[in-house]
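This is what each chain is made of:
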Amino acid sequence: SNVDERPREDSFSSEHRREPDKLSFRESSFLRAQRRKTFSHSKYSVEYRNELFKAGFAYCKDVARSTICLYCFLVCYDWDEEKDHPACFHKAVSPT
């Protein structure tokens, strides 16, 4: 997905602005821990790393500031910490 095509917060309907209550996938504690470790070299703030992690993403260190969902294979890059809300975006673009 091209970053320029990604909707920003102001383009979300009020339905998409709500934080999802719970992620709809289940993962093993091992995979969850490994996915969290991927953010250790991220250039994002600690708070934003947590948002990305909670939204189901893993960090791809070889591709600048990119993330991937290991379940739906959504790849996003160059997140804007001020404008992008990972959980809302993930749910809007890949609701399954």
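Quick caveat, the model's predicted, so the values are computed rather than measured.

1. With respect to the environment of Tyr44
And step 1. In this fold, Tyr44 is placed in the loop between helix H2 (29–37) and helix H3 (46–54).
And step 2. Sequence spacing of Tyr44 and Asp80 is 36 residues, and the spatial spacing of their C-alpha atoms is 9.3 Å.
And step 3. With residues up to four places along the chain from it excluded, the contact list for Tyr44 reads Arg49, Leu52, Tyr59, Arg65, Asp78, Trp79 and Glu81.
And step 4. For Tyr44, the side chain forms a polar contact with the main-chain nitrogen of Trp79, separated by 3.0 Å.

2. Some words on the sheet that holds strand S2 (residues 66–69)
And step 1. Strand order in the open sheet formed by three strands is S1-S2-S3, and the pairing between neighbours is antiparallel. Either end of the sheet is taken by a strand with one partner, and the two such strands are strand S1 (57–60) and strand S3 (75–77). The average angle at which neighbouring strand axes cross in this sheet is 30°, direction not considered.
And step 2. In the sheet, S1 pairs with S2 via four bridges, with the strands oriented antiparallel. What sits directly across from Tyr59, in S2, is Thr67.

3. Some words on the nonpolar core
As a rule of thumb, nonpolar side chains are buried together in soluble globular proteins.
And step 1. Formed by 14 residues in total, the largest nonpolar core has its most connected members in Phe39, Tyr44, Leu52, Phe57, Leu74, Cys76 and Trp79.
And step 2. Secondary-structure elements contributing two or more residues to this core are H3, S1 and helix H4 (86–93).
And step 3. For this core, the element with the highest residue contribution is H3, accounting for three residues.
And step 4. When near neighbours in sequence (up to four residues on either side) are disregarded, Phe57 contacts Arg35, Phe39, Leu52, Thr67, Ile68, Cys69, Leu74, Cys76, Trp79, Pro86 and His90.

Parameters and conventions
Residues numbered from 1 in each chain as written. Predicted model: local features only at pLDDT ≥ 70, side-chain atom pairs only at ≥ 80, totals over all residues. Heavy atoms only, no water. Helix = DSSP H or I, 4+ residues; strand = E, 2+ residues; numbered from the N terminus. Contact = heavy atoms within 4.5 Å. Polar contact = N/O pair within 3.5 Å; in protein donor to acceptor, adjacent residues only side chain to side chain. Pairing = 2+ DSSP bridges. Axes fitted to C-alpha atoms, helices over the stretch in contact; angles between N-to-C directions. Core = buried A, V, L, I, M, F, W, Y, C linked by side-chain atoms within 4.5 Å. Buried < 20%, exposed > 50% of the residue type's maximum accessible area, 1.4 Å probe, protein only.

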